[in-house]
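# Structure at a glance
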Amino acid sequence: MATDETAPAPRGRVTLTEIARRAGVSVPTVSRVVNGRSDVSSETRARIEDLLRLHGYRKRPSSAPTRAALLDLVFHDLDSPWAVEIIRGVEETAHAAGVGTVVSAIHGRSGDAREWMRNLRARASDGVILVTSALEPTLHEQLRILGVPLVVVDPTGSPALDTPAIGAANWAGGLAATEHLLSLGHRRIGLIAGPPRLLCSRARFDGYRAALEAAGLAVEESLVVPGDFRPESGFTGCTALLDLHEPPTALFAASDQMALGAIEALRRRGLRVPEDMSVVGFDDLPEVRWSSPPLTTVRQPLADMGKLAARTVLSLARGDRPDAPRVELGTELVVRSSTAPPARRS
């Protein structure tokens, strides 16, 4: 016999989880309405209040303090100034909304991810922001069952269609960096690429390739070396390029940290930037304007990405839907002193 989804359950037995399921929202959203908080849209509030009345829900008396609102911010690793900028943006928005932020790193290990999920379940987080990380499908499903909204920043692959994603215009940034070097007269341009598992890395490489092809140049396989966004891989990658029979005259590093590692490799070879090789980075981290020389780079709005991710997940927690499931914030080339026309070689 079919059941009526709107039929009231026996009075006193309905749970917030059941109300959330019938309202199509998360449990924290129902909890906000029950506790009289204002950060829920009027339409969602009305729907939840109707269900609460229909099912005769009564809030249990308690002497315990009301649970603080929390967001979970999850990284693959936390060993980069890049992560600090994302945290700064998320925390600024969350603080303004009266919401705390819990920062975690899962290091790509399934055991760490499962431990994080156990902790998240215990603290009843209001939402999750996942940064350049991937969760096992079972953990994604647990988030869905718990009704915890999820937003992804710089996804490692194509996220589910119902998962909002925040990123930057990485292809345009890679294009602008390479076009800048081409405009200075460089024709042998090396690339230290980012991890291929990341969409942002692949997009930056595609932008590099598009600029070369538009200039009538083919991508030389020997001029593209792998990196992992860390300074050490920039140092190693630049060393490999310098060991070529014909080294490049310019270098595009797909992160500022790799660019700084590359500059150190050049310094140890007794070479100067930009006189012997021009270098362009990507990110515009605060420290690169003080590097020697100040680094030409592609600015991606990391703090703004964090702010938008926080606003989006808080909106989802209120029962709203984002205007667009995928958002890319613009990048901008910032020209400083690490690039110049190639030196004439005899």
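A short tour of the structure in this document, coming up. (Residues numbered from 1 in each chain as written. Predicted model: local features only at pLDDT ≥ 70, side-chain atom pairs only at ≥ 80, totals over all residues. Heavy atoms only, no water.)

### A short note on the overall build of the protein chain
In plain terms, the rule: Secondary structure counts use DSSP, requiring at least four H or I residues in a row for a helix and at least two E residues in a row for a strand, with both numbered from the N terminus. When a residue's accessible area, from a 1.4 Å probe over protein chains only, is under 20% of the maximum for its type it is buried; when over 50% it is exposed; and in between it is partly exposed. It only takes one pair of heavy atoms within 4.5 Å for two residues to be counted as in contact.
Helix and strand content of the protein chain: eleven helices and twelve strands. Looking at the 346 residues of the protein chain, the share that counts as buried comes to 48%. Long-range contacts, defined as pairs at least 24 residues apart, comprise 73% of the intrachain contacts of the protein chain with a sequence gap of at least 6.

### Structural notes on the sheet that holds strand β12 (residues 332-334)
Here is the rule we go by: Strands qualify as paired when DSSP identifies two bridges or more between them. All axes are obtained by fitting lines to C-alpha atoms, using only the stretch in contact for helices, and the reported angles, taken between N-to-C directions, cover 0 to 180 degrees.
Within the open sheet, the six strands sit side by side as β7-β6-β8-β9-β10-β12. Their pairing is mixed. Taken across any chain shown, the strands that pair with only one partner, and hence form the sheet edges, are β7 (224-225) and β12. The pairing of strand β6 (residues 189-192) with strand β8 (residues 250-253) spans four bridges and is parallel. Its bridge partner lying in β8, Gly-190 is registered against Leu-251. Across the sheet, helix α8 (residues 199-214) is in contact with β6, β7, β8 and β9 (278-283); its angle to β6 comes to roughly 170°.

### Focus on the packing of aromatic side chains
Worth spelling out the cut-off: Two aromatic rings from Phe, Tyr or Trp, using only the six-membered ring of Trp, form a pair when their centres are within 6.5 Å; if the ring planes differ by under 30 degrees the pair is stacked, by over 60 it is edge-to-face, and anything between is tilted. By definition, being over a ring means that NZ of Lys or CZ of Arg is both within 6 Å of the ring centre and within 35 degrees of the ring normal.
In total, this model carries one aromatic pair according to the counting rule given. Taking the centre distance of 6.1 Å and the plane angle of 35° together, the rings of Phe-205 and Tyr-208 count as tilted. One end of the pair is Phe-205 and the other is Tyr-208, both in helix α8 and three residues apart, which spans about a single turn. One Lys or Arg, Arg-204, reaches over the ring of Phe-282 and ends 3.8 Å from the middle of that ring.

### Quick look at the side chain of Ser-255
Assignment of secondary structure puts Ser-255 in the loop between β8 and α10 (256-268). Other than its neighbours up to four places away in sequence, Ser-255 contacts Phe-229, Gly-281, Phe-282 and Asp-283.

### Describing the sheet that holds strand β3 (residues 127-131)
As a general point, the strands of a sheet are linked pairwise by backbone hydrogen bonds and lie either parallel or antiparallel. Spatially, six strands are ordered β2-β1-β3-β4-β5-β11 in an open sheet, and the strand pairing comes out parallel. Looking along the sheet, the strands with just one partner apiece sit at the ends: β2 (100-105) and β11 (326-329). The average angle at which neighbouring strand axes cross in this sheet is 20°, direction not considered. Here strand β4 (residues 150-153) pairs with strand β5 (residues 165-168) via two bridges, running parallel. When the sheet's bridge partners are listed, Val-152 is paired in β5 with Ala-165. Strand contacts of helix α11 (residues 302-317): β1 (70-75), β3, β4, β5 and β11, with the helix running at about 165° to β4, the strand carrying the most contacts.

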